[in-house]
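# Close look at the chain arrangement
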Amino acid sequence: MLLPPVDADRRLRGPYTAGGAIVAALVPAARPELVARYDIELRAMAPDMGGLIPERRRSLAAHLPRAERILVHAPRRTLRLANGFAEFVREHLAETGPRTLVVENVHLADPTDQELLAVLRRRIDPGLLAVMTGEHAGPAEAGEAGDPAEAEEALTPAEHDARADELERVRP
């Protein structure tokens with residue numbers, strides 16, 4: 001197992017609750033060069049781990065006074081972060097061996113974690129990383145969405161590609 005089961009409930013830490021827990025488990029054992037290569041992605045998911053993740057690159061916003069920073073990120077920023085993190089995990093596991101990741105309360109996860117889990121499932125061979133999700137705390141609250149990663153599992157790879165192409169054409 002990669003680490004003890006991760007609770008993705010967004011009420012614990014907000015965005016990247018599960019992502020931050022995964023970063024906290026992997027970074028101490030990862031090669032420093034690998035951590036440095038993915039510093040932006042790792043710091044975005046686990047800002048409290050600044051001491052273990054060297055700040056090799058900084059965004060332009062980091063150079064501005066706080067009052068001048070824009071709080072709205074680019075529309076696809078979270079997807080870029082998730083893809084970069086998936087590359088980090090894939091490279092780390094290629095060196096250390098296959099693992100299983102168990103994530104509970106996915107139905108209560110922030111959209112950033114739901115997107116991250118979908119990307120990990122899509123970009124990393126299940127033989128290298130098996131992602132298991134579940135609902136430990138019971139049924140979703142009223143108005144809560146279900147696990148989008150489970151809906152993706154019902155698609156074949158060809159159907160997934162076709163759906164992704166369709167969604168890309170719809171976006172401005």
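Definitions and cut-offs
Residues numbered from 1 in each chain as written. Predicted model: local features only at pLDDT ≥ 70, side-chain atom pairs only at ≥ 80, totals over all residues. Heavy atoms only, no water. Pairing = 2+ DSSP bridges. Helix = DSSP H or I, 4+ residues; strand = E, 2+ residues; numbered from the N terminus. Right-handed = clockwise from strand over helix to strand, strands pointing away. Buried < 20%, exposed > 50% of the residue type's maximum accessible area, 1.4 Å probe, protein only. Contact = heavy atoms within 4.5 Å. Phe/Tyr/Trp six-rings, centres within 6.5 Å; stacked < 30°, edge-to-face > 60°.

Attention now moves to the pairing of strand β3 (residues 129–134). Bridge count between strand β2 (residues 99–104) and β3: six bridges; the pairing is parallel. Residue pairing in the sheet places valine 102 in a bridge with methionine 132 of β3. Assessed by its sense of winding, the connection that carries the chain from β2 through helix α6 (residues 111–123) to β3 is right-handed.

Below, the discussion takes up the sheet that holds β2. In space, the three strands of this open sheet follow the order β1-β2-β3, with parallel pairing throughout. Of all the strands in the sheet, just β1 (6–7) and β3 have a single pairing partner and so form its edges.

The next point concerns the environment of glycine 14. Relative to the helices and strands, glycine 14 resides in the loop between α1 (10–13) and α2 (17–26). On the basis of relative accessible area, glycine 14 is assigned to the buried category, the value being 17%. Counting along the chain gives 99 residues from glycine 14 to aspartate 113, while the straight-line C-alpha distance between them is 9.5 Å. Apart from the residues lying within four places of it in its own chain, the contact partners of glycine 14 are Asp110 and Asp113.

Bringing the packing of aromatic side chains into the picture now. Taken as a whole, this structure holds two aromatic pairs when the rule is applied. Between the aromatic rings of tyrosine 38 and phenylalanine 88, the centroid separation amounts to 6.1 Å while the plane-to-plane angle is 70°, which identifies the pairing as edge-to-face. Of this pair, tyrosine 38 sits in the loop between α3 (32–37) and α4 (39–45) while phenylalanine 88 is found in helix α5 (residues 77–96), placing the two residues 50 residues apart along the sequence. Residue tyrosine 38 is classed as buried on the basis of its relative accessible area, which comes to 6%. Exposure remark for phenylalanine 88: the relative accessible area of 0% places this residue in the buried category. Ring centres of phenylalanine 85 and phenylalanine 88 lie 6.0 Å apart, and the angle between their planes is 25°; this geometry places the pair in the stacked category. Residue phenylalanine 85 and its partner phenylalanine 88 are both found in helix α5; the two are separated by three residues, about one turn of the helix.

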